[in-house]
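Commentary on secondary and tertiary structure
Residues per chain are reported as follows:
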Amino acid sequence: MEAKDALGMPETIHKVAGVRVRFAPSPTGYLHVGGARTALFNWLFARHHGGVMILRIEDTDAERNKPELVQGIIDGLQWLGVDWDEGPFYQSQRTELYRAAAKKCLSNGSAFLCYCPADKYAGGDYAEPPAQDEEPKGGGPRRVTRCSCRDGKPSTQGAKPAIRFKVPVGGTTKFVDAVFGEREFSNDEIEDFVLLRSGKGDEEFGQSMYQLGVVVDDIDMRITHVIRGADHISNTPKQVLLYGALGTTPPFFAHVPLILGADKSRLSKRHGATDVNMYRAEGFLPEAFRNFLALLGWSAGGDEEFIRTKDLIGKFSLEGVSRTNAAFDRPKLEWFNTQYLQKLPIEDLLPEVEKELKGSGLWKPEWAARAAPGADGRDHAWFSKTVDLLRPRVRLLPDFSSWSRAFFSDEFTRDAAAKEKFWKDPKVPELLAKLADALQKLTEWNHDACDHTTRAVAEAGGVKAGLLINATRVAIVGQAVAPPLFDTMVVLGQQRVVRRLRDAVAGFGQA
RNA sequence: GGCGCUAUGGUGCAACGGUUAGCACGCGGCCCUUUCAAGGCCGAAAUACGGGUUCGAUUCCCGUUAGCGCUACCA
């Protein structure tokens, strides 16, 4: 006998060998965070089971597609670290497959030629046009299409027909969903949906419609688990019917809840960035973003939240997927990012910082892993130590180029607000000058030596150490906010610190 | 409008008939302190509402309400 789980589904739905899943975006926009999460779940599932991940581009609507957007989607996936084993396949190049399938449905009586005018909703079977996705929803009564062409009479001469699926009258269509359980839909609620568009010009038929394309491809690509957004739940019975018409058994379905905006309404630009590439541009760490996304609509069951990707893969299961839509909570994403910035093994963080510095032109090749030290003695070890010093305060990657600039470059400016805040005491110039003298004499350059020297100068000058410390920070890194001063001094080096102090003192004379 | 899905603090998740309803983000306070973070401690904050079922409901059932989804020759 077969083992069943809590939902009464075969145990095998959760651990099948030979798993094949796919992510099937449509190039009508960028990679949306919702799509990214779907891609991630598919990927985690595939990797967890040692299965195959497929990328398929669903570009069957020539009018809405923008081929140039495909690259953006691919870039987004790559940044996210979601890779695939097969594809990308383009549905626009598989037209014959769909036409053959549609004709098969035609010949076995599960579809019919529809001569209704292609210009929307003019067919008369609709009481009125479907509400477009705008605010004033509702509207008058609308009913399900039972197309009058289904009995094969009109055959308006000359007009090119589309192929519609002949949905059974009466009865129900059911399927098993790994997250929502058993679902059953009344066939009378399902319209006679279009399989193949009517042909244009001298074409017999046009491109496939979504329902046909997914099913034909999922069969052809031997997809075992269809993991997609919950917005497809109501499409599923149509597809199940199609599987039957094509003589095959449907795969397992797993619909994952949607990601909504902070106010729980449909996620839109109004809520902030919805394009994954925007998060890359802002400087989030991909692994942090992945961790955050994974926890939107899924949990391993426990309380852990900081879960590195390899553990995500180990723990991922469809059983942990929630049925509730989740709100995209940006503050939490930022928290994940700072957590990763701090907790990542330094070797894992360094490459990201390197990319950032290269992008801002601050990178020096001698900081690379096996490069020889630069003229100033800085090498990979220095770079690593510096990044390590900086990272507790960094929130986004670009911080390494902005307020951290003075650590990587001698060309930096001193923040006006910082000067205003910490240089206002009239004794500052003199103190900084004395500190420069004292530090220059040091024969050993380390944290404690800097510490003692600075405090001694402060004491001799009759001020609290904090005053000198803060003033010095502004002088040598130009920022009010920076790592602890003496660690900073060590990393910058004696020469630079002294030079910057003197430079700062000189600046007072001019101002 | 029809059909469907969902409903634990503001947010993300735990608790899958019996807990003082747990964790995290965010928020407030305190500690630490050399700026700012980080970190530590403390605190405010939830089972949408109404009916059932049960010895006992956050948990199971029904209704209401709300949100979301689908309702195209879009995907």
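Residues numbered from 1 in each chain as written. Chains lettered and ligands numbered in written order. Predicted model: local features only at pLDDT ≥ 70, side-chain atom pairs only at ≥ 80, totals over all residues. Heavy atoms only, no water.

**Description of the packing of aromatic side chains**
For the structure on display, the rule yields 20 aromatic pairs. Ring centres of Trp367 and Phe408 lie 5.7 Å apart, and the angle between their planes is 55°; this geometry places the pair in the tilted category. Within this pair, whereas Trp367 is found in the loop between α10 (346–359) and α11 (380–390), its partner Phe408 is found in helix α12 (residues 405–408), the two being separated by 41 residues in sequence. Phe408 matches Trp367 in its accessibility class, with the two residues each being buried. Through pairs of rings, three or more aromatic residues link up here, namely Trp79, Tyr279, Phe284, Phe289, Phe292, Phe328, Trp335 and Phe336. (Phe/Tyr/Trp six-rings, centres within 6.5 Å; stacked < 30°, edge-to-face > 60°. Helix = DSSP H or I, 4+ residues; strand = E, 2+ residues; numbered from the N terminus. Buried < 20%, exposed > 50% of the residue type's maximum accessible area, 1.4 Å probe, protein only.)

**Some details on the protein's contact with RNA strand B**
Every one of the 69 residues lining RNA strand B counts as a neighbour, but Arg266, Gly297, Glu305, Arg393 and Arg473 are closest to it. One of the side-chain nitrogen or oxygen atoms of Arg473 is found 2.3 Å away from a base oxygen of RNA strand B. Here the surface near RNA strand B takes five residues from helix α9 (residues 330–343), the largest share from any one element. (Near = heavy atom within 4 Å. Polar contact = N/O pair within 3.5 Å; in protein donor to acceptor, adjacent residues only side chain to side chain.)

**Considering helix α5 (residues 236–245)**
Counting buried residues in α5 gives nine out of 10 residues, a clear majority hidden from the surface. Among the residues of α5, Thr236, Pro237, Lys238, Gln239, Val240, Leu241, Leu242, Tyr243 and Ala245 are the ones counted as buried. Note on α5: the residue one or two positions beyond its end, Gly247, has a positive phi of about 75°.

**What about the sheet that holds strand β5 (residues 162–165)?**
Taking strand neighbours across the sheet as the criterion, the four strands line up as β4-β5-β8-β9 in an open arrangement whose pairing is antiparallel. Each edge of the open sheet carries a strand with a single partner, namely β4 (111–114) and β9 (205–208). The average undirected angle you get between the axes of adjacent strands in this sheet is 30°. Relative to β9, strand β8 (residues 194–198) runs antiparallel, the two being bridged by two bridges. Note on β9: the bridge partner recorded for Leu196 is Ser208. (Pairing = 2+ DSSP bridges. Axes fitted to C-alpha atoms, helices over the stretch in contact; angles between N-to-C directions.)

**Observations concerning the nonpolar core**
Counting residues in hydrophobic clusters, the biggest one holds 114 residues, and the most contacted among them are Leu293, Phe328, Phe383, Phe408 and Met489. At nine residues, helix α1 (residues 33–49) tops the list of elements feeding residues into this core. Not counting residues within four places of it along the chain, the set of residues in contact with Phe408 comprises Leu357, Leu362, Lys364, Trp367, Arg378, Trp382, Phe383, Thr386, Val387, Leu390 and Phe400. Ranked by size, the runner-up nonpolar core spans 29 residues in total, among them Ile54, Ala102, Phe165 and Val167. (Core = buried A, V, L, I, M, F, W, Y, C linked by side-chain atoms within 4.5 Å. Contact = heavy atoms within 4.5 Å.)

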